[in-house]
Amino acid sequence: MSQYQFFNAAEIDAAWAAEKRQWAQEFETQAQARAAAKAQARQTGQRARSALSVDWSQVDRKLPTGQTEDLKVHRTGLYEQFDRTGAGHLTLADTVNGCRNVLKLDEAIRSGDSDVVYKSVVPLAFEKAASAAPAGSSLNRGGSSATLERIEFRLLLVYIRHYLEIYSIFDEADVAATRTLDVNEFATTKSRLGGKYGSRFADAGATFRSIDRRGRGEIDFPDFVNYFGHQEQTTTYGERATYTVQRSVERSHIVDNSALEERIKSLSNEVYALRSENAQLKAHVDRLSGYEREVTTLRTQLSELHSLRSEISRL
């Protein structure tokens, strides 16, 4: 019997299934807590925290999205301040830092959680501006959205303005401060979105169910913003391109359950690595077991040789 022990695939799968059951229980517990918070907010008629209030005139001054020559010059200066390293492109970290320390967007937030601008709105805008170029255009980088080029900077500002407006509507409806909306809360957004998207609110319940693709009975901000697309035209390298936000939005920095999602990703990688290590360990143990058998055989042969020598000596 070898002194080495290792887990087999069935044991690893059982442990992984147990972890997933625990995540499901944690998610259900969080969902129940959100439902309870929503019920309490409806019963008391009071908000859990102040809604996001934005000074839009100040936002518009801070985000020069116009096409006049003076605004183009202004954007160029802003881009150079964002690009602290002179790399010729912006990373998400560059963009968040620039919005925080150059544009100082939080100054335009009168009340509510101003940090949401940097945790939710800016990452969304960066993701979309960096990946919105149509296939075949001179800006398309095969789906890469790790960096943002100078020519995409105006589009970034447009998306920041748009997503901030959408978030303010979402946050106003989120009276329980759970960062999710149920069907009743969703219906209240019609007062602000109905003018532009009136046809989509003909049946709020049906619209909500079409957004809630996972059937959870609640939607979060990425679900919400994915449904209400935005179209912006811009001239780039002499070509006319239309960028449309209609694809899924990356969920990092936004979803309340991001910690669980990150844990799932991390543990999935660990399980894969563990299985690889387990296979290597098993192979190593098999080799060691083979060596042990060879050693036992050699010891037997050596003992036989000693016995033979003893017999020869007596002769």
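Look above for the structure.
Bear in mind that the values here come from a model prediction, so they are computed numbers and not experimental data.

**Some remarks on the pattern of salt bridges**
Between side chains of opposite charge, a pair can form when the charged atoms approach closely.
Okay, so step 1: Scanning the entire structure with this criterion turns up 12 salt bridges.
Okay, so step 2: The shortest N-O distance in the salt bridge between Lys62 and Glu107 comes to 3.1 Å. Here Glu107 lies in the loop between helix 4 (92-101) and strand 3 (109-111) and Lys62 lies in helix 2 (residues 56-62), a separation of 45 residues in the sequence.
Okay, so step 3: Exposure remark for Lys62: the relative accessible area of 14% places this residue in the buried category.
Okay, so step 4: A salt bridge links Asp223 to Arg216, with the nearest nitrogen and oxygen atoms 3.7 Å apart.
Okay, so step 5: By relative accessible area, Asp223 is classed as buried at 2%.

**Re the packing of aromatic side chains**
When we look at a pair of aromatic rings, we describe it by the centre distance and by the angle of the planes.
Okay, so step 1: If you walk through the whole model with that rule in mind, you get 9 aromatic pairs.
Okay, so step 2: Judged by centre distance (6.0 Å) and plane angle (35 degrees), the ring pair of Tyr167 and Phe170 falls under tilted. You can see Tyr167 and its partner Phe170 sitting in helix 6 (residues 153-173), 3 residues apart, about one turn around the helix.
Okay, so step 3: According to the relative accessible area criterion, Tyr167 is buried, its value standing at 4%.
Okay, so step 4: Judged by its relative accessible area of 1%, Phe170 falls in the buried class.
Okay, so step 5: Aromatic rings pair up to connect Tyr167, Phe170, Phe186, Phe208, Phe221 and Phe224 into one cluster.

The rules behind the values
Residues numbered from 1 in each chain as written. Predicted model: local features only at pLDDT ≥ 70, side-chain atom pairs only at ≥ 80, totals over all residues. Heavy atoms only, no water. Salt bridge = Lys/Arg side-chain N within 4 Å of Asp/Glu carboxyl O. Helix = DSSP H or I, 4+ residues; strand = E, 2+ residues; numbered from the N terminus. Buried < 20%, exposed > 50% of the residue type's maximum accessible area, 1.4 Å probe, protein only. Phe/Tyr/Trp six-rings, centres within 6.5 Å; stacked < 30°, edge-to-face > 60°.

The quantities given are spatial measurements derived from coordinates; they are silent on function.
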